[in-house]
Amino acid sequence: MTTEGNKGPPSTITLGFSILTHFLLVAPVIYILVLAFGHYSFFSWHPICMSLGVGLLITEAVFSVSGEAYIASKLARRNRVTIHWILHAIGLTLIGIGFIIIIVNKVNNNRAHFATTHSQLGLVTIILSVLVASFGVVANNTTWLYPRVRPVLIKIAHACGGIGMTILFLATLINGTYSNWWPGTSTGRDLVFTSFFIAGVLILVKPILGTISRCRVVFGPPSSDS
């Protein structure tokens with residue numbers, strides 16, 4: 001097994017895994033963008049910002065830091081973490097813009113705010129994502145709390161929060177395709193759901209397994225080795 005600083009070339013399986021995952025993310029995003037621009041209005045910028053922010057940037061941030069993305073797999077852990085927070089910052093900015101757009105659109109059309117499952121889920125997800133992102137700053141600077149809090153506990157908490165946020169973001173994005181706005185076909189909507197769902201599973205497999213492994217080490221019974 002190669003070390004962090006001396007990695008060998010990614011295997012064919014790793015390359016194929018990365019290509020498949022990116023295809024499953026890019027294809028539905030492009031489809032949503034085509035629909036949004038094809039039925040353009042001020043509101044269209046909401047699905048545009050959200051699909052780019054969640055479907056490409058947030059998911060890519062998670063995929064990159066895990067080292068499973070083809071390009072990121074060649075980078076050291078420190079560099080992957082840098083890419084992770086940069087992509088998250090850009091993604092959350094786009095999501096924030098999309099959030100403002102839907103608020104303004106509701107005001108302009110004199111409609112009730114947060115009256116649907118999609119809007120309520122989106123509001124909760126955005127609020128929690130800001131908290132998780134803020135905690136991520138601490139996770140990247142564990143010396144701030146050391147030795148009062150063990151760094152591994154901070155990283156586990158951030159990983160669990162990040163996994164939860166990725167699931168909620170994808171769920172909100174998918175739920176949006178079942179709203180009254182959706183101008184595409186039922187088949188197209190089902191394909192978007194399937195594509196995002198499978199991509200989400202592929203992206204989160206390694207982070208979930210890694211978090212479980214860390215939890216077993218930290219919270220499991222002490223080693224019996226003498």
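Residues numbered from 1 in each chain as written. Predicted model: local features only at pLDDT ≥ 70, side-chain atom pairs only at ≥ 80, totals over all residues. Heavy atoms only, no water.

- The name given to the chain in an unreviewed UniProt entry is ascorbate ferrireductase (transmembrane), and the organism recorded there is Ooceraea biroi.
- What UniProt states about the chain under its Subcellular location (unreviewed entry) heading is, verbatim, "Membrane". (UniProt positions renumbered as here; feature names shortened; annotations may be inferred.)

1. Comments concerning the overall build of the chain
Argument step 1. For the chain, the helix and strand inventory stands at six helices and zero strands.
Argument step 2. Listed N to C, the secondary structure of the chain is α-α-α-α-α-α in terms of helices and strands.
Argument step 3. Taken against the 2.2 N^0.38 rule, which gives 17 Å for 226 residues, the C-alpha radius of gyration of the chain at 19 Å falls within 12% of a compact globule.
Argument step 4. Dimensions along the principal axes, computed over C-alpha positions, put the chain at roughly 70 × 45 × 30 Å.
Argument step 5. For the chain, long-range pairs separated by at least 24 residues make up 72% of all intrachain contacts whose partners lie at least 6 apart in sequence.
Argument step 6. Accessible surface computed for the chain: about 12,900 Å², of which carbon and sulfur atoms make up 69%.
Argument step 7. In the chain, 14 side chains carry a positive charge and 5 a negative one; their mean positions are 9 Å apart. (Helix = DSSP H or I, 4+ residues; strand = E, 2+ residues; numbered from the N terminus. Rg over C-alpha atoms; globule rule 2.2 N^0.38 Å. Contact = heavy atoms within 4.5 Å. Areas by Shrake-Rupley, 256 points an atom, 1.4 Å probe, with all protein chains shown as cover. Lys, Arg positive; Asp, Glu negative; His and termini not counted. Charge placed at Lys NZ, Arg CZ, Asp CG, Glu CD.)

2. Thoughts on the UniProt feature "transmembrane region" (unreviewed entry) in the chain
Argument step 1. As annotated in UniProt, the feature "transmembrane region" (unreviewed entry) corresponds to residues 12-37, 43-65, 85-107, 119-140, 152-171 and 191-209 in the numbering used here.
Argument step 2. In this annotation, residues 85-107 is assigned 100% helix and 0% strand; the end-to-end C-alpha distance for the span is 33 Å.
Argument step 3. Within the segment residues 191-209, helix and strand shares are 100% and 0% respectively, and the terminal C-alpha atoms sit 27 Å apart.

3. Here's the deal with helix α4 (residues 117-139)
Argument step 1. Taking 1.5 Å per residue as the helical rise, α4 with its 23 residues ought to reach 33 Å, and the 32 Å between its terminal C-alpha atoms agrees with that figure.
Argument step 2. Considered for burial, the residues of α4 that qualify are S119, G122, T125, I126, S129, V132, G136, V138 and A139.
Argument step 3. The inward-facing, buried residues of α4 contact α2 (45-65), α3 (77-108) and α5 (151-176). (Expected span 1.5 Å × (residues − 1). Buried < 20%, exposed > 50% of the residue type's maximum accessible area, 1.4 Å probe, protein only.)

4. Quick word on the packing of aromatic side chains
Argument step 1. Per the stated rule, a full pass over the model turns up nine aromatic pairs.
Argument step 2. Ring centres 5.9 Å apart and planes at 45° place the aromatic pair F17 and F63 in the tilted group. Placement of F17 in helix α1 (residues 12-38) and of F63 in helix α2 is noted, with a sequence separation of 46 residues between them.
Argument step 3. According to the relative accessible area criterion, F17 is partly exposed, its value standing at 22%.
Argument step 4. Look at W181 and W182: their rings are 5.9 Å apart centre to centre, the planes differ by 75°, and that puts the pair in the edge-to-face class.
Argument step 5. One aromatic cluster is present, formed by Y31, F43, W181 and W182 through successive ring pairs. (Phe/Tyr/Trp six-rings, centres within 6.5 Å; stacked < 30°, edge-to-face > 60°.)

5. Let's talk about the UniProt feature "domain: Cytochrome b561" (unreviewed entry) in the chain
Argument step 1. Feature annotation in UniProt assigns "domain: Cytochrome b561" (unreviewed entry) to the following positions: residues 13-214.
Argument step 2. Taken end to end, residues 13-214 comprises 78% helix and 0% strand; its first and last C-alpha atoms sit 25 Å apart.

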